[in-house]
Amino acid sequence: MADQVAHLAHLNARDTTLAFASRAPQADIARVKARMGWTMPWYTMTDGFDADFGVDEWHGTNAFIRDGDRVFRTYFVNNRGDEPMGGTWSYLDITALGRQEEWEDSPEGYPQTPPYAWWRWHDSYGDDGASQG
């Protein structure tokens with residue numbers, strides 16, 4: 001799945017982070033990331049995180065939202081169900097805040113912009129990676 005992920009700047013512009021987790025050692029992960037030019041965070045699991053979240057044999061995609069010190073899982077799909085993932089829109093659409101555009105329902109206090117108004121070339125977001133929209 002990692003080889004088909006769109007540029008992470010687009011997700012980061014919507015205050016969304018994509019991270020991978022696997023049982024591979026960091027040395028192996030670093031070698032493959034360097035070869036492929038991938039920049040996403042990639043963690044090594046040493047506990048039951050994968051099994052705790054329903055991914056104990058193959059692969060799966062979870063979406064979480066943080067509210068202060070609390071974290072909630074808001075979406076999960078596994079096995080062949082997450083094969084279409086990889087594009088910015090697919091990832092944003094499974095998050096609790098979606099694309100954060102005006103047509104969506106969002107909790108009070110979360111910024112929203114007109115559809116596609118936030119979208120930039122991946123190297124044109126502000127220095128902090130946040131949306132300029």
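Everything below is about the structure printed above this text.
These remarks concern the structure in this document. The shown structure was predicted, so the numbers you read here are calculated from the model rather than taken from an experiment. (Residues numbered from 1 in each chain as written. Predicted model: local features only at pLDDT ≥ 70, side-chain atom pairs only at ≥ 80, totals over all residues. Heavy atoms only, no water.)

With respect to a nonpolar patch on the surface
A surface patch of nonpolar side chains, amounting to about 250 Å² of accessible area, comprises Phe49, Phe64 and Val71. Residue placement: Phe49 occurs in helix α3 (residues 49-52). (Patch = residues over 30% accessible without salt bridge, like charges linked within 9 Å, V, L, I, M, F, W, Y side chains within 5 Å. Areas by Shrake-Rupley, 256 points an atom, 1.4 Å probe, with all protein chains shown as cover. Salt bridge = Lys/Arg side-chain N within 4 Å of Asp/Glu carboxyl O. Helix = DSSP H or I, 4+ residues; strand = E, 2+ residues; numbered from the N terminus.)

Topic: the nonpolar core
Counting 19 residues, the largest nonpolar core has Val5, Leu18, Phe20, Met40 and Trp42 as the members making the most contacts within it. Counting only elements with at least two residues in this core, the list comes to α1 (8-12) and α4 (88-94). Contacts of Val5, omitting those with residues within four sequence positions, involve Leu18, Phe20, Met40, Gly86 and Tyr91. (Core = buried A, V, L, I, M, F, W, Y, C linked by side-chain atoms within 4.5 Å. Buried < 20%, exposed > 50% of the residue type's maximum accessible area, 1.4 Å probe, protein only. Contact = heavy atoms within 4.5 Å.)

Regarding the pattern of salt bridges
All told, the structure shown has four salt bridges when counted by the stated rule. With its nearest N and O atoms 3.1 Å apart, the salt bridge here joins Asp28 to Arg31. You can see Asp28 and its partner Arg31 sitting in helix α2 (residues 26-36), three residues apart, about one turn around the helix. For Asp28, a relative accessible area of 32% gives the class partly exposed. Under the relative-accessibility criterion, Arg31 is labelled exposed at 53%. Put simply, Arg70 and Asp67 hold a salt bridge, and the shortest N to O gap is 3.8 Å. Its relative accessible area of 44% is what places Asp67 among the partly exposed residues.

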